[in-house]
Structures are given as C-alpha cells and as structure tokens.
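Survey of secondary and tertiary structure
Single-letter residue listing:
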Amino acid sequence: MLPLWLAAKRRSDLNFCYRRPEIPAQRGLALKILTSWCWRGETGTVKDLSRSEIYLFKTIYFPNCCMLVVSGSIREMIGGNESCAAGPMPMSYLTCLTYILGEWTGVEDIEDYLSYAVYLLWVLFPLVAVFLLPGVLVILFYTSILLLHIYKRKNELKEAYSNDFWDGAKQMLATLWDGHGRIWHGYELHGAENIPEGPGLVVFYHGATPADCVYFMARLLIQKKRYCHVVADHFVFRLPGFKILLDAHGVLHGPKEECVNALKKGSLIAIAPGGVREALFSDEMYTIIWGNRKGFAQVAIDAKVPIIPMFTQNVREGVRTLGGIKILRSLYERIRLPIVPVYGGFPVKLRTFIGEPIPYEPNVTAEELTAKCH
C-alpha cells in the first residue's frame, strides 16, 4: 500500500469535496485539489477536522490511502496506529502523483511498473541517441538551405552587379559549418600549404558522412580564401530541397568531361573514388573500397593537374554504419541507394591531413597513377 501524504489548507476545501459523495465529479475534484497541493509541494495543517470527518473522506474517496493529518504538533496516521514525531513533514509530489495514477488506472503496485519503465528508458536512451545524433548533420544541411533561400531573396537585385552572386552565402555557410566542426569535433586542418595555387584534384577517403569534407571546404575558404568544388553521387541531386545548396556550391555531378573542364578553368576539385559504397561498407580499419575505379586518375591526366591526397583522422569513430550486414550490401548493389543505417555523431577529435601533391607526369597511365594514390 502506497501512502499519500496529504496536507490541507482549509476545512472548507475538504468539505466541498466530500459533501456530495454520491456524485462522481466530486471525487475528481478531490483528486484535482490533492494533485494541485502535492505538485506545489505546499505544507498546511488541518486544525478543525474531526476524526469522523477524516474517516469519511478516507473511506469514501481514498479507501486505500493513509492520510497524515497535521494539527499543531500532533500527527495521526489514519488507517494505522503509527505515530510521527513533531515537526514539519515535507511532501513528495512524485509520491502523490504515483498514488493518484494508481487510483485512476486501478493497477496495483503501479510504482513497480513505473520503476521498470524508468529503467528501460535509461537503458534504451543511449541506443536511441546514437541513431538520432547523425540527424544533426541533416539539420545543418537544411539550415544551410534555409539560409541560402533567405540570402537569395534578400540579394536578388544585386545579382547583376556582383561577380559571384553566391560569394556572401558561401562565407556565411562556411562560418556555420566551421563553427560546428570547432565546437563538436575540435576540427583541425593540417598541410593546407600543400594545396597548389592553381588547379588540383583532391582525392580523399569517404567516411560514413561527408562532414569532414564539408569542414575542410569551410576551413579552406575561411583561411585561404580558396573555394573547393566537390563531386557528389547522383542520388544527392535527387534529395528534396538540395538543388539550391548544390547550385550555390557548384557541386559537380561527376562526368569526366565536366570535371576536366572545371580543372582547366583553374578550379580545385575534391573527389572520393570510393563514393557511397566506401562510405557505407568500409569499417573501422579504414578499408579503401575503390574497386576498379580509375576515372579520377584519367581526369587528372587529361587536365594535366596534380593529385592532392587527403585523409581525416577518426572520421570512422565519429559516425559508423551497419554495413557489415550482408543483406544490406546486396540490397545496395541492387538499387544503388544509401539505405544502410548510420549511428554515432560522437564528439571525437577530427584532424584532416593534406599530403604532398602527386605531380602530373605525361607518360604515366591511369592504372599507375591510381596505384600511387593508394
């Protein structure tokens, strides 16, 4: 039996509750008054309630309730012969609400069920959290999209007088993403001096998410005032609302001719040869999954530009995937959509390292250049 510590302020309040016991609404009103008093955690005294009145309230409305009646320095535990020492007795609103919930539901020992539910909540919360944290990146992407729409709306009239309409927007989003990288991952960029002044092809390992590449692009723009384009998988261009984001950042779809033309114009381009397959199915050993892909090497040869290797430390510890499940790998190979669940979003330290450029050599083949990049 769970005791309910009851403290009443005025006799009239209780009289109003139990004057008409035959009306069910009065019982609900009594419960509301008790809930209100317990929730506020207030302590009062019952100075002029007789034993018969208390017994009537107890037996009609709360037959299983042990009421503690406070009258000066005397306390009587109705429903038992227990006595309490003098002094103020604090009330627990959780105890009160637990009892009332038991009265409403009619479930005995409801506190045991509530304790079990709380236990399950604490056990399952970390598991739920690791699958929800990667959603922060999705929120950041759509926040970027919203900011771009606001920027576009605000600066439409300036387009004719600006060299690049999206210059201000790129700086704004670079600040947003660089701030997230600094705060959540303590992001660092090392070896930025290895990036040539002219065109170049940055080749990097693809983590479970492209967050490290976005951090790199943001930091490079802030520090070096240099913008890096990126080649994205075809499914990215079908994501709802992403068109303005892709247009603002000049994201490339990936045909060789488009990449070669951009490089010949002096652009810096980043590409992950492993693509989505590497993102989803690589592991904590950072296994490179390039297959027979040599197109990036042929692009560098055709454009006569160096290849700049890039790797981000701990990128797999931050976010991981369930790519070890074979059926998911088979399903991906069939539909070519990233349906593998990701989890994590842990605040691990991320450091991006830029290696020394692999210079263009006119007599090297795509196979040989690909081997050098490994």
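See the structure printed just above.
In short, a report on the structure.

Section: the overall build of the protein
Along its length, the protein carries 15 helices and ten strands. Put simply, the protein has 374 residues, and 43% of those count as buried. Put simply, of all contacts in the protein between residues at least 6 apart along the chain, 75% involve residues at least 24 apart. For the protein, the accessible surface area stands at approximately 20,800 Å², while carbon and sulfur atoms represent 60% of it.

As for the pattern of salt bridges
Scanning the entire structure with this criterion turns up ten salt bridges. Across the pair Glu188 and Arg351 runs a salt bridge, and its minimum N-O distance is 3.3 Å. Taken as a pair, Glu188 in strand 3 (residues 188-190) and Arg351 in strand 10 (residues 351-354) lie far apart in primary sequence, 163 residues in all. Residue Glu188 is classed as partly exposed on the basis of its relative accessible area, which comes to 25%. Residues Asp247 and Lys243 are paired through a salt bridge, measuring 2.8 Å at the closest nitrogen-oxygen approach. Taken together, the residues Asp247 and Lys243, both in helix 9 (residues 243-249) and four residues apart, mark about one turn of the helix.

What about the environment of Glu188?
Taking the C-alpha atoms as reference points, Glu188 and Arg219, separated by 31 residues in sequence, lie 8.7 Å from one another. Those residues within four positions of Glu188 in sequence are excluded, and the remaining contacts are Arg219, Lys349, Leu350, Arg351 and Thr352. In terms of polar contacts, Glu188 uses its side chain to reach the side chain of Lys349, at 2.8 Å.

Considering the pairing of strand 10
Burial along strand 10 is one-sided: Thr352 and Ile354 are buried, while Arg351 and Phe353, pointing the other way, are not. Note that strand 3 and strand 10 share three bridges and pair parallel. The partner of Glu188 across the bridge, within strand 10, is Arg351. Here strand 7 (residues 307-313) pairs with strand 10 via four bridges, running antiparallel. Residue pairing for strand 10: Thr312 is matched across the bridge by Thr352.

A look at the side chain of His249
Position of His249 relative to the elements: it lies in helix 9. With relative accessibility at 16%, the residue His249 sits in the buried group. If we skip the residues at most four places from it in the chain, His249 touches Lys170, Leu173, Tyr227 and His229.

Quick notes on the side chain of Glu278
Mapped onto the elements of the fold, Glu278 is located in helix 11 (residues 275-281). One buried charged side chain, Glu278, makes no salt bridge at all; its nearest oppositely charged neighbour is Arg316, positioned 6.4 Å away. Engagement of the side chain of Glu278 in a polar contact is seen with the backbone nitrogen of His206, the distance being 2.8 Å.

Some remarks on the packing of helix 10 (residues 256-264) against helix 12 (residues 295-303)
In the contact formed by helix 10 and helix 12, the axes pass within 9 Å of each other and the chain directions differ by 40°. Taken together, helix 10 and helix 12 sit at an angle that is classed as oblique. For the pair helix 10 and helix 12, the crossing hand works out as right-handed. Contacts from Lys256, Cys259, Val260, Leu263 and Lys264 in helix 10 reach Gly295, Val299, Asp302 and Ala303 in helix 12. By residue class, the composition of the contact of helix 10 with helix 12 is five nonpolar, one polar and three charged.

Description of unusual backbone geometry
Unlike most non-glycine residues, Lys225 shows phi in positive territory, near 55°. Turning to its location among the elements, Lys225 is positioned in the loop between helix 8 (211-224) and strand 5 (228-230). Despite not being glycine, Asn314 has its phi angle at roughly 70°, a positive value.

A word on the sheet that holds strand 7
The sheet built from six strands is open, its strands ordered 3-10-7-4-6-5 with mixed pairing. The open sheet has two edge strands with one neighbour each: strand 3 and strand 5. Across the sheet, the axes of successive neighbouring strands diverge by a mean angle of 25°, strand direction being ignored.

Some words on the packing of helix 7 (residues 167-185) against helix 8
At a minimum axis distance of 8 Å, the contact between helix 7 and helix 8 shows a crossing angle of 120°. When the axes of helix 7 and helix 8 are compared, the pair comes out oblique. With respect to the hand of their crossing, helix 7 and helix 8 are arranged in left-handed fashion. Residues Lys170, Gln171, Ala174, Thr175, Trp177, Asp178, His180, Gly181, Arg182 and His185 of helix 7 touch helix 8, and the partners they reach there are Val214, Tyr215, Ala218, Arg219, Leu221 and Ile222. Looking at the contact of helix 7 with helix 8, its residues break down into seven nonpolar, five polar and four charged.

Examining the packing of aromatic side chains
Overall, the coordinates contain twelve aromatic pairs when judged by the stated rule. Measuring from ring centre to ring centre gives 5.4 Å for Tyr142 and Phe242, while their planes differ by 80°; the resulting arrangement is edge-to-face. Of this pair, Tyr142 sits in helix 6 (residues 135-155) while Phe242 is found in the loop between strand 5 and helix 9, placing the two residues 100 residues apart along the sequence. Given the relative accessible area of 35%, Tyr142 is considered partly exposed. Here Phe242 falls in the buried class, since its relative accessible area comes to 9%.

What counts as what
Residue indices follow the written sequence of each chain, beginning from 1 at its first position. Per-residue local features are limited, in this predicted model, to residues with pLDDT of at least 70; the limit for side-chain atom pairs, both in listing and counting, is 80 or more; totals at the level of whole chains, interfaces and linings are taken over all residues. To get the side-chain values, all heavy atoms of the structure are used, and hydrogens and water are removed first. Numbering of helices and strands starts at the N terminus; helices are DSSP runs of H or I of at least 4 residues and strands are runs of E of at least 2. A 1.4 Å probe rolled over the protein chains alone gives each residue an accessible area, and that area as a share of the maximum for its type sets the label: buried under 20%, exposed over 50%, partly exposed in between. By the convention used here, residues are in contact when the closest approach between their heavy atoms is within 4.5 Å. In short, Shrake-Rupley with a 1.4 Å probe defines the accessible areas, and a residue's cover is counted only from the protein chains shown. Salt bridges are defined as contacts in which a side-chain nitrogen from Lys or Arg sits within 4 Å of a carboxyl oxygen from Asp or Glu. Think of a polar contact as two N or O atoms within 3.5 Å of one another; within protein, one of them needs to be a possible hydrogen donor and the other a possible acceptor, and neighboring residues in sequence only count if both atoms come from side chains. Strands are labelled as partners when DSSP assigns at least two bridges between them. Charge assignment in this entry is limited to Lys and Arg as positive and Asp and Glu as negative, and neither His nor the chain termini are counted. Lines fitted to C-alpha atoms define the axes here, with helix axes fitted over just the stretch in contact, and angles between the N-to-C directions of these axes take values from 0 to 180 degrees. Oblique is the label for every angle not falling under 35 degrees (roughly parallel), over 145 degrees (roughly antiparallel), or within 65 to 115 degrees (roughly perpendicular). Handedness of a crossing is defined here by the sense of rotation of the near helix relative to the far one, left-handed for an anticlockwise turn of less than a right angle and right-handed for a clockwise turn. Charged means Asp, Glu, Lys or Arg here, nonpolar means Ala, Val, Leu, Ile, Met, Phe, Trp, Tyr, Cys or Pro, and polar covers whatever is left, Gly included. Between the rings of Phe, Tyr and Trp (Trp by its six-membered ring), a pair exists once the centres lie within 6.5 Å; its type follows the angle of the planes, with under 30 degrees stacked, over 60 edge-to-face, and the other angles tilted.

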